[in-house]
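# Topology and contacts: notes
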Amino acid sequence: MSTKLPLDMLTELARTQTDKAAIRLGALQTARITSTQKLELLMQYRQDYVDQLNALMVHGMPAAKLRNYQNFLITLDGAIDQQRAIVAQATTRLDHGRVDWQHQKRRQSSFDTLAERVRQQEMLVQAKREQRESDERATRKFFDRAANPTL
């Protein structure tokens, strides 16, 4: 049937696009996880640094050293803000990737359903053809026997 080959090609193309979307989604998930881990590491580093500063301040420290700690904390806060922005971007990309994968999956499912309907229709047509041929053979045999009772 003429629709079989193009439909199979479309189904395979949809499957390939779904697989590619799944690979992209996996990469986006990895990027999101990595960026989140970096943020957590920076925040933990900041907390450790604050704890260290607090411990030093208990015993007293020179003003210059205190300013250095404060300046470093400001720099670290900037890095944390940047990393939060990176996490937000990674989350947005992941959300878009998930939507794309879902779209591709629905598309593939639609083609699979259509292909299955076409296969069922072809099987029905084939079964009807075989039944008709069987009926014709039986009818011919009946008429041949009726015309030649000696057979």
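Everything in this summary refers to the structure shown in the same document. Nothing here was measured: the structure is a model prediction, and the numbers come from that model.

Applying the stated criterion across every chain yields a total of 8 salt bridges. A salt bridge links E12 to R15; the shortest N-O distance between them is 3.6 Å. With E12 and R15 both in helix 1 (residues 4-58) and 3 residues apart, this pair spans about one turn of that helix. Put simply, R119 and E116 hold a salt bridge, and the shortest N to O gap is 3.6 Å. Residue R119 and its partner E116 are both found in helix 2 (residues 63-147); the two are separated by 3 residues, about one turn of the helix. One salt-bridge network, in which partners are shared between bridges, spans E12, R15 and D112.

We now examine the side chain of S35. Residue placement: S35 occurs in helix 1. For S35, a relative accessible area of 5% translates into the label buried. Not counting residues within four places of it along the chain, the set of residues in contact with S35 comprises Q83, I86, V87 and A90.

Turning to the packing of aromatic side chains, a few remarks are in order. Enumeration according to the criterion identifies 5 aromatic pairs in this entry. Relative to Y49, the ring of Y45 has its centre 6.3 Å away and its plane inclined at 40 degrees; by these criteria the two rings are tilted. Here Y45 and its partner Y49 are both found in helix 1, 4 residues apart, which amounts to about one turn of the helix. Of the residues examined, Y45 reaches a relative accessible area of 43% and is grouped as partly exposed. You can call Y49 buried: its relative accessible area is 15%.

Calculation criteria
- Residues numbered from 1 in each chain as written.
- Predicted model: local features only at pLDDT ≥ 70, side-chain atom pairs only at ≥ 80, totals over all residues.
- Heavy atoms only, no water.
- Salt bridge = Lys/Arg side-chain N within 4 Å of Asp/Glu carboxyl O.
- Helix = DSSP H or I, 4+ residues; strand = E, 2+ residues; numbered from the N terminus.
- Buried < 20%, exposed > 50% of the residue type's maximum accessible area, 1.4 Å probe, protein only.
- Contact = heavy atoms within 4.5 Å.
- Phe/Tyr/Trp six-rings, centres within 6.5 Å; stacked < 30°, edge-to-face > 60°.

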